[in-house]
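Structure at a glance
As a plain string of letters, each chain reads:
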Amino acid sequence: MTTAHRTPGSASGAATPVPWLLRLCLHVLVAVLLILAAVRAFNSDGAAPVAVMVVAIVVGLVYAAGPLMVGVQPGTRAAGLWLGGLLAAWLVLLWLTPDAIWLAFAWFFLLLHLLSWRTGLIMVALTAIAAVAGFAWHQPAFTPAMAIGPFLGAAVAVATVWGFQQLSTESERRRALIAELLQTRAELAAAEREQGVLAERERLAREIHDTLAQGLSSIQLLLLASGRRLADHPELADVAAHVEQARSTAQENLGEARRLVAALAPAELQGGSLIGALRRLCATTTERTGLPVTFHLEGGPVALPTPVEVALLRIAQSALANTTRHAGATRAAVTLTVMDQQVALDVVDDGVGFDAAALTSPGADRPAPGPDGGFGLASMRSRAVELGGALTVESTAGHGTALAVTFPIAIDRTEPATAVGPGPDHSSERQRP
């Protein structure tokens, strides 16, 4: 016997494992009933005991061959041929002895196991009719009681298989749900850790820039001014040398502080603005996947807080990853819109779309077509909510998908867009006499 059950109501449902104990019990049941039929044939005057024993052995061999054949799987042609041979041998045994009727109960489970649900039900009904007819063949008269046993056994087998399949389906659904929840929780935890790391890096960069770097810059300026004054007094040449040495040391440490500040900036945004990072992301996605992705900017370039820039970049990356994996799109567009009170990012594609109404909870995600489907929307929504933003998704099957995220923020348009993280400090040049 194989190791999977078909899904009731479908012709080719996904198979689910059958416990080994149930398979063992069915094997034992068939063996016991065959032995019982052969033994009773020797104790009965009406049956041919040798013929019954030979046919019972043939039925047992045919049945035993099923689990040993690799091709006997649910819904396969080999399974149908094997069942046909097994039932044919059983009908011969039923013609020889009425005790073979009890084997019909085992055949019910095999038929429901190896055939589609509809075909299995039809074959179960035909097998029950054959069992009743074969048993009545050996009786002097037919009574309704002869049909009760086989048809009651068929009903019990159908109810048992259906109930087991429902329990198996529910168990699989719960297992998949638990796996989804665990993965979503892990992704949310990773997003929170990443956001915390970015916030701490920004804080350290700001503190170093505003304290140590500025202090070293001031020290350098003061020492430079002192050195120029000492240059007018040759008798203090040794003091001037020490002052110049101190100024040189302060300048070197100022350079180290600036390099440390630059190193604390997010890798994707180093050396450029958010706009440049988004342009590079669109170009890289087009080059890597072949999907044309365009970038549009509405509103002038502005300086945004580092957490907002990082969140916008990460959301754009996740949205384009979903598009390339699931959407089947021919083109996509990324738009950054800067307004007086908020900044918005839109990612639109012309792909197959999905049922956006199915996203009934904040943790819902685009249904994945394969086993590797991700949970991008949950992570994107988490990023937006953590910074006081909002994420919305509009999609219908066959009409593409539009994802939009907005962050309320007061924007100072007097400052040009700069790279994330403080750049080189030119205060020394501005203050230099």
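Residues numbered from 1 in each chain as written. Predicted model: local features only at pLDDT ≥ 70, side-chain atom pairs only at ≥ 80, totals over all residues. Heavy atoms only, no water.

The name recorded for the protein chain in an unreviewed UniProt entry is Oxygen sensor histidine kinase NreB, from Occultella gossypii. Quoted verbatim from the Subcellular location (unreviewed entry) heading of the UniProt record, the comment on the protein chain is "Cytoplasm". For the record of the protein chain, the UniProt heading Cofactor (unreviewed entry) holds the text "[4Fe-4S] cluster". (UniProt positions renumbered as here; feature names shortened; annotations may be inferred.)

Across all of its chains, the model carries five salt bridges by this definition. For R173, the salt bridge goes to E170, with nearest N and O atoms at 2.9 Å. Taken as a pair, R173 and E170 lie in helix α6 (residues 145–230) at a separation of three residues, close to a single helical turn. A salt bridge links R175 to E172; its shortest N-O distance comes to 2.8 Å. Placement of the pair is R175 and E172 together in helix α6, with a separation of three residues, close to one helical turn. If you follow the salt bridges from partner to partner, you end up with E170, R173 and R174 in one network. (Salt bridge = Lys/Arg side-chain N within 4 Å of Asp/Glu carboxyl O. Helix = DSSP H or I, 4+ residues; strand = E, 2+ residues; numbered from the N terminus.)

Bringing the UniProt feature "transmembrane region" (unreviewed entry) in the protein chain into the picture now. Taken from the UniProt record, the annotation "transmembrane region" (unreviewed entry) applies to residues 20–39, 46–66, 86–112, 119–138 and 144–164. Between the end C-alpha atoms of residues 119–138 the distance is 29 Å, and the span holds 95% helix and 0% strand.

Glancing now at the packing of helix α4 (residues 104–114) against helix α5 (residues 117–137). With their axes 8 Å apart at the nearest point, α4 and α5 run at an angle of 165° to one another. The angle between α4 and α5 places the two elements in the roughly antiparallel class. You can see that α4 and α5 cross each other, and the crossing is right-handed. Packed against α4, whose contacting residues are A104, W107, F108, L111 and L112, the element α5 presents W117, G120, L121, M123, V124, T127, A128 and A131 at the interface. When the residues that make up the contact of α4 with α5 are grouped by side-chain class, the tally is 11 nonpolar, two polar and no charged. (Axes fitted to C-alpha atoms, helices over the stretch in contact; angles between N-to-C directions. Parallel < 35°, antiparallel > 145°, perpendicular 65-115°, else oblique. Left-handed = near helix turned anticlockwise from the far one by under 90°. Contact = heavy atoms within 4.5 Å. Nonpolar A, V, L, I, M, F, W, Y, C, P; charged D, E, K, R; others polar.)

Structurally, V54 is set in helix α2 (residues 49–68). V54 sits in the partly exposed class, given a relative accessible area of 45%. (Buried < 20%, exposed > 50% of the residue type's maximum accessible area, 1.4 Å probe, protein only.)

Here we take up the pairing of strand β6 (residues 390–395). The alternating pattern of β6 places L391, V393 and S395 on a buried face, while none of A390, T392 and E394, on the opposite face, is buried. Counted between consecutive antiparallel strands, the loop separating β6 from strand β7 (residues 401–408) contains five residues, among which G398 sits at a positive phi close to 85°. (Pairing = 2+ DSSP bridges.)

A separate point is the sheet that holds strand β4 (residues 332–338). Taken together, the five strands give an open sheet; going across it, the order is β3-β4-β5-β7-β6, and neighbouring strands pair in mixed fashion. A strand with exactly one partner marks an edge of an open sheet, and here the two such strands are β3 (293–298) and β6. For this sheet, the mean angle separating the axes of adjacent strands, direction not counted, is 10°. Both strand β5 (residues 342–349) and β7 contribute to a ladder of eight bridges, which runs antiparallel. Residue pairing for β7: V348 is matched across the bridge by A402. Across the sheet, helix α8 (residues 274–289) is in contact with β3, β4 and β5; its angle to β3 comes to roughly 160°.

Turning to empty space enclosed by the protein, a few remarks are in order. In total, this model carries two cavities of 30 Å³ or more according to the counting rule given. Computed from the structure, the second largest cavity encloses a volume of approximately 60 Å³. Taken together, 10 residues form the lining of the second largest cavity, with L274, I275, V302, L304 and L336 sitting closest to its centre. Among the elements of the structure, α8 and β4 are those that each provide at least two residues to the lining of the second largest cavity. (1 Å grid on protein atoms, 1.4 Å probe; cavity = no way out; pocket = protein on both sides within 12 Å on 5 of 7 lines; lining within 4 Å. Points joined across faces, edges and corners; volume = space filled by probe spheres on them.)

By the definition in use, this model includes three aromatic pairs. With a centroid separation of 6.1 Å and 40° between ring planes, the pair formed by Y63 and W107 is classed as tilted. Within this pair, whereas Y63 is found in helix α2, its partner W107 is found in helix α4, the two being separated by 44 residues in sequence. Comparing Y63 with W107 shows no difference in burial state: the two are buried. Relative to F109, the ring of F105 has its centre 5.2 Å away and its plane inclined at 85°; by these criteria the two rings are edge-to-face. One end of the pair, F105, and the other, F109, are both in helix α4, four residues apart, so they sit about a helical turn from each other. Judged by relative accessible area, F109 falls into the buried class, the value being 17%. A connected cluster of aromatic rings, assembled from ring pairs, spans Y63, W82 and W107. (Phe/Tyr/Trp six-rings, centres within 6.5 Å; stacked < 30°, edge-to-face > 60°.)

On to the packing of α2 against helix α3 (residues 77–96), then. Relative to each other, α2 and α3 sit at 160°, their axes nearing to 9 Å. In this view, α2 runs roughly antiparallel relative to α3, as classed from their interaxial angle. In this structure, α2 crosses over α3, and the sense of that crossing is left-handed. When α2 is examined against α3, the residues A51, V52, V55, A56, V58, V59, V62, Y63, A65 and G66 are found in contact with a partner set consisting of W82, G85, L86, A89, W90, V92, L93 and L96. By residue class, the composition of the contact of α2 with α3 is 16 nonpolar, two polar and no charged.

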